[in-house]
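In case you want the letters, here they are:
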Amino acid sequence: MAVCPVCGCKTDELDFVLSKIEDTEVKVCSFCDKQIKKINTDEVTAPAQVRWLESVASKDIPREPQIAKVIDSLKSKYLPESEKSEAPAAIANQFAEIKREVNIPQSQAGGSANISVDQYNSLVKRLEKIENSFKKYKKAQLIKMIIELSVPVIMVFVLLIIFFSSGLYDLLSTLAP
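Reading guide: rules and limits
- Residues numbered from 1 in each chain as written.
- Predicted model: local features only at pLDDT ≥ 70, side-chain atom pairs only at ≥ 80, totals over all residues.
- Heavy atoms only, no water.
- Salt bridge = Lys/Arg side-chain N within 4 Å of Asp/Glu carboxyl O.
- Helix = DSSP H or I, 4+ residues; strand = E, 2+ residues; numbered from the N terminus.
- Buried < 20%, exposed > 50% of the residue type's maximum accessible area, 1.4 Å probe, protein only.
- Axes fitted to C-alpha atoms, helices over the stretch in contact; angles between N-to-C directions.
- Parallel < 35°, antiparallel > 145°, perpendicular 65-115°, else oblique.
- Left-handed = near helix turned anticlockwise from the far one by under 90°.
- Contact = heavy atoms within 4.5 Å.
- Nonpolar A, V, L, I, M, F, W, Y, C, P; charged D, E, K, R; others polar.
- Expected span 1.5 Å × (residues − 1).
- Bend = angle between axes of the 7 residues up to and from the residue.
- Patch = residues over 30% accessible without salt bridge, like charges linked within 9 Å, V, L, I, M, F, W, Y side chains within 5 Å.
- Areas by Shrake-Rupley, 256 points an atom, 1.4 Å probe, with all protein chains shown as cover.
- pLDDT = per-residue confidence, 0-100.

This part covers the pattern of salt bridges. When their charged atoms lie close together, side chains carrying opposite charge are able to pair. This structure, assessed with the given rule, holds 1 salt bridge. Between K37 and D33 there is a salt bridge whose closest N-O contact spans 3.4 Å. With K37 and D33 both in helix 1 (residues 30-40), this residue pair falls 4 residues apart, about one helical turn. Taking relative accessible area as the criterion, K37 reaches 52% and is therefore assigned exposed. When its relative accessible area of 9% is taken as the criterion, D33 is described as buried.

Following this line, the structure appears as structure tokens:
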């Protein structure tokens, strides 16, 4: 395992590739290589590459001065100060667009903030009943396991007692020289 000099993630040595960042060639992980290739194209409008660059630039990991300089230049090129302050707001707006109101009838809702005392007591009783049945089940399983393990051992001892007390051992010992 080695550490990627760009993102700082632990990566297997086989996953490192030689990537060209601006004018510098560096061995980086395959994920960083893909992101760098997309950034090196002139179309860096995808929010994923911008977020990746922002997260890589904000990581506090030990980097070679050459790599740190390249990351800072990419950061200044694609993340001007005005966009940095607007980025969290833009992301929040994206999530606000995705969020939708869903109307679920109260009877089908998973949880309800307003339940009556009777419903609460009923739920508590049901839970206690389930817990008790589970405890009984665990006890039955333990007894079953003990019986399954001890019965064969007891049977072997009974067969040995019968074998020696019936005289079969003496008879077999006289037959075998």
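Pairs of packed helices are described in terms of their axes, by the angle between the two and the distance that separates them. Put simply, helix 1 and helix 2 (residues 47-58) touch, their axes get as near as 10 Å, and they point 120° apart. One finds that helix 1 runs oblique with respect to helix 2. By crossing handedness, the relation of helix 1 to helix 2 is classed as left-handed. Across the interface between the two elements, F31, C32, Q35, I36, K38 and I39 from helix 1 touch A48, Q49, W52 and L53 from helix 2. Looking at the contact of helix 1 with helix 2 residue by residue, the classes come out as 7 nonpolar, 2 polar and 1 charged.

Let us look at helix 5 (residues 117-165). A rise of 1.5 Å per residue sets the reference length of helix 5, with its 49 residues, at 72 Å; its end C-alpha atoms lie 71 Å apart and thus fit the reference within 8%. Roughly 25° is the biggest bend found in helix 5, and it falls at S150, with proline P152 one to four residues downstream. G167 sits one or two residues past helix 5 and shows a positive phi near 90°.

A cluster of nonpolar side chains, namely V153, V156, F157, L160, F164 and Y169, defines an oily patch on the protein surface of about 610 Å² accessible area. Sorting elements by how many residues they give to the nonpolar patch places helix 5 first, with 5 residues. Within the secondary structure layout, F157 lies in helix 5.

In this section: the confidence of the model for the protein. Fine structural detail should not be taken from predicted coordinates in areas where pLDDT scores are low. Considering every residue of the protein, the mean pLDDT works out to 78; 77% of them sit at 70 or more. Confidence drops under pLDDT 50 across residues 99-104; counting only partners more than four residues distant or on other chains, this segment forms 1 contact.

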